[in-house]
Amino acid sequence: METYYNPADLNRFPEIGKDAPQLAAKFFDYYGAVFAEGALSEREKALIALAVAHAVQCPYCIDAYTRSCLEKGSNLEEMTEAVHVTNAIRGGASLVHGMQMRNIAEKISM
Amino acid sequence: MTFEQTLEQHKLALVRSATTTLQVNVGRLCNLACRHCHLEAGPHRDELMDAETVEEVIACAERLDFATIDITGGAPELLPHLPRLISGLRPHTPRLLIRTNLTALAGNKSEQLINLYRDNKLTIVASLPSINSAQTEAQRGNGVWESAIATLKLLNEAGFGVEGSGLKLDIAANPSGAFLPASQAETEQRFRRELERRYGISFSSLFSFVNVPLGRFHRWLESSGNLPDYLKNLKTRFNPCSVQGLMCRSTLSVDWQGYLYDCDFNQAVGLHHSGTAHHISQLQQLPQPGVRIPTQDHCFACTAGAGFTCTGSIDA
Ligand code: SF4
Ligand code: SF4
């Protein structure tokens with residue numbers, strides 16, 4: 001069945017450099033530097049990436065960072081907690097906007 | 001591309017260097033049947049080294065110099081002649097290692113075996129794939145986690161892995177699935193922190209191992225649909241720098257019947273040392289440096305990535 005998302009496209013990501021090679025090179029250099037060991041370990045960065053992948057709901061990133069988290073030594077317990085962090089922030093972000101709703105409602109209500 | 005072709009492409013050849021280690025595989029009998037086991041060891045297997053072969057191994061250790069002798073299996077604890085093997089080998093090598101899956105060291109023989117290991121100053125290499133109980137049991141079976149942790153505590157009580165005791169307890173970790181291990185240094189740090197924090201357990205060093213696509217692990221890769229990607233991953237991560245340090249260059253591996261191989265993985269597929277079946281009782285001198293090591297594509301597991309200890313190798 002044809003779908004918009006094809007798992008094989010993940011490995012073809014570098015092809016995005018066709019027609020704009022300099023921009024792609026800059027992006028991939030930057031990307032590599034971001035995920036290198038720094039003040040945060042590679043394992044910690046992969047867990048953050050996994051959480052963000054769920055926030056942006058990118059199937060490519062979820063695939064890539066699930067594998068990466070396991071390879072960097074994380075386990076399902078930690079990875080599931082990371083996804084709950086995504087969920088808490090997403091849910092919390094919606095809920096906290098309820099304050100706007102309340103402010104407006106209170107302003108125009110008797 | 002095959003492993004041999006990949007070596008050729010990098011203008012490399014896999015040949016022996018000076019032999020320093022004898023690895024003694026006492027057989028396929030094991031109390032566990034782990035899903036990653038390249039030897040397909042388990043409780044239903046009956047291959048075990050007999051008393052005569054044990055003596056032939058000891059005699060070989062006496063006539064030739066091995067800096068390290070490494071006893072493995074199966075579960076070495078299940079070999080009835082284990083006390084004789086240990087006491088026979090002990091005078092002939094400065095460093096005698098024994099592998100354990102920890103659960104075979106539990107039970108009613110536990111104290112006796114731990115005393116035997118302590119009295120002979122063995123270095124214990126204990127398998128613990130992960131600091132996560134679910135990952136450990138997914139690979140090794142239900143109930144393994146608790147038993148392994150209890151045995152680690154007993155070993156600490158006997159002085160193994162405790163600083164200043166002179167008794168070493170190393171941990172062998174490996175991934176619980178179709179992926180490669182994390183960096184050894186980081187894994188060691190996490191195991192040290194978590195085992196100490198949660199259970200008060202200490203150990204000497206940790207070694208990360210890549211799962212080799214043979215035996216039961218190969219079958220699991222196949223049935224779970226992971227085989228092509230796993231093999232591709234190993235090949236893509238071929239690291240030419242790793243070839244020089246491969247443990248087969250300095251190890252002789254002997255099977256339960258006394259036949260010689262260059263490593264335990266070649267033993268699993270019947271690839272003999274120097275290409276033909278040689279028996280340890282016939283070995284009058286150590287292999288010459290430069291002798292070619294027979295390989296197959298499972299060798300890609302030993303050359304994948306950087307920073308791993310070569311699979312199976314426990315360096316001093
Ligand atoms: S991996 Fe080790 S403990 Fe597990 S079945 Fe094989 S020999 Fe036994
Ligand atoms: S499996 Fe590994 S250790 Fe064995 S011969 Fe191949 S490269 Fe050497």
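Anything mentioned here points back to the structure above.
All residue numbers here refer to positions counted from 1 along the written sequence of the relevant chain. Naming scheme: in the order in which they are written, chains are lettered from A and ligands are numbered from 1. Per-residue local features of the predicted model are confined to residues with pLDDT of at least 70, and side-chain atom pairs are confined, for both listing and counting, to 80 or more; whole-chain, interface and lining totals are unaffected and use all residues. To obtain the side-chain values, all non-hydrogen atoms of the structure were included, while hydrogens and water were left out.

A tally of helices and strands in chain A yields 5 helices and 0 strands. Starting at the N terminus, the α and β elements of chain A follow one another as α-α-α-α-α. Its C-alpha atoms put chain A at 60 × 40 × 35 Å along the principal axes. Across the 110 residues that make up chain A, the buried fraction comes to 20%. Whether two residues are in contact is decided by their heavy atoms: any pair within 4.5 Å suffices. Within chain A, contacts between residues separated by at least 24 positions form 50% of all contacts whose residues are at least 6 apart in sequence. Put simply, chain A shows about 8400 Å² of open surface, and 64% of that area lies on carbon and sulfur atoms. Only four residue types enter the charge count, namely Lys and Arg as positive and Asp and Glu as negative; His and the chain termini do not. Positions of charges follow a simple convention, taking NZ of Lys, CZ of Arg, CG of Asp or CD of Glu. The distance from the centre of the 10 positive side-chain charges to the centre of the 14 negative ones in chain A is 7 Å. Strands are runs of DSSP state E lasting at least 2 residues, helices are runs of H or I lasting at least 4, and numbering of each runs from the N terminus. Burial classes: relative accessible area under 20% of the type maximum marks a residue as buried, over 50% as exposed, and values in between as partly exposed (1.4 Å probe, protein chains only). For the accessible areas, the method is Shrake-Rupley and the probe is 1.4 Å, while residue cover comes only from the protein chains on display.

This part is about the packing of aromatic side chains. Centres within 6.5 Å are what make two rings of Phe, Tyr or Trp a pair, Trp counting through its six-membered ring; a difference in plane orientation under 30 degrees is then read as stacked, over 60 as edge-to-face, and the rest as tilted. What the rule picks out here adds up to 13 aromatic pairs over all chains. A ring pair is formed by Tyr31 of chain A and Phe35 of chain A, whose centres lie 5.1 Å apart and whose planes are at 35°; its orientation type is tilted. Taken together, the residues Tyr31 of chain A and Phe35 of chain A, both in helix 1 (residues 21-35) and 4 residues apart, mark about one turn of the helix. On the basis of relative accessibility, which here comes to 23%, the residue Phe35 of chain A falls in the partly exposed class. For the pair Phe35 of chain A and Tyr65 of chain A, a centre-to-centre distance of 5.2 Å together with 25° between the ring planes defines the contact as stacked. Within this pair, whereas Phe35 of chain A is found in helix 1, its partner Tyr65 of chain A is found in helix 3 (residues 59-71), the two being separated by 30 residues in sequence. A relative accessible area of 10% means that Tyr65 of chain A is categorised as buried. Stacked on the ring of Phe203 of chain B, the Lys or Arg Arg192 of chain B has its end atom at 4.4 Å from the ring centre. Only when the NZ of Lys or the CZ of Arg is both within 6 Å of the ring centre and within 35 degrees of the ring normal is a charge said to sit over the ring.

Attention shifts here to the side chain of His298 of chain B. Residues and elements named next belong to chain B. Note on placement: His298 falls in the segment after helix 10 (264-269). The class for His298 is buried, based on a relative accessible area of 6%. Not counting chain neighbours up to four residues away, the residues in contact with His298 comprise Val212, Pro213, Leu214, Phe265, Asn266, Val269 and Leu271.

Here we take up helix 3 of chain A. Here the expected length of a helix is defined as 1.5 Å per residue gap, with one fewer gap than residues. The terminal C-alpha atoms of helix 3 of chain A, which comprises 13 residues, lie 18 Å apart, in line with the 18 Å expected from a rise of 1.5 Å per residue. Along helix 3 of chain A, the residues classified as buried are Tyr65, Ser68, Cys69 and Glu71 of chain A. The buried residues of helix 3 of chain A occupy an angular sector of 155° when the element is viewed end-on, so they sit on one face. Where helix 3 of chain A is buried, its residues touch helix 1, helix 2 (42-55) and helix 4 (76-96) of chain A together with helix 9 (227-236) of chain B. This arc corresponds to the set of directions leading from the helix axis out to the C-beta atoms.

All names here are of chain B. For two strands to count as paired, DSSP must find a minimum of two bridges between them. The strand order 6-5-4-3-2-1-7-8 describes an open sheet built from 8 strands, whose pairing is mixed. Across the chains shown, the open sheet's two edge strands, defined by having one partner strand only, are strand 6 (206-208) and strand 8 (260-261). Where strand 2 (residues 68-72) and strand 3 (residues 95-100) come together, 4 bridges link them in parallel fashion. In the strand pairing of strand 3, Thr68 is matched with Arg95. Angular values range over 0 to 180 degrees, each being the angle between N-to-C directions of two axes fitted as lines to C-alpha atoms, with helices fitted over their stretch in contact. Sitting on the sheet, helix 7 (residues 184-199) is in contact with strand 5 (169-173) and strand 6, with an inclination near 135° to strand 6.

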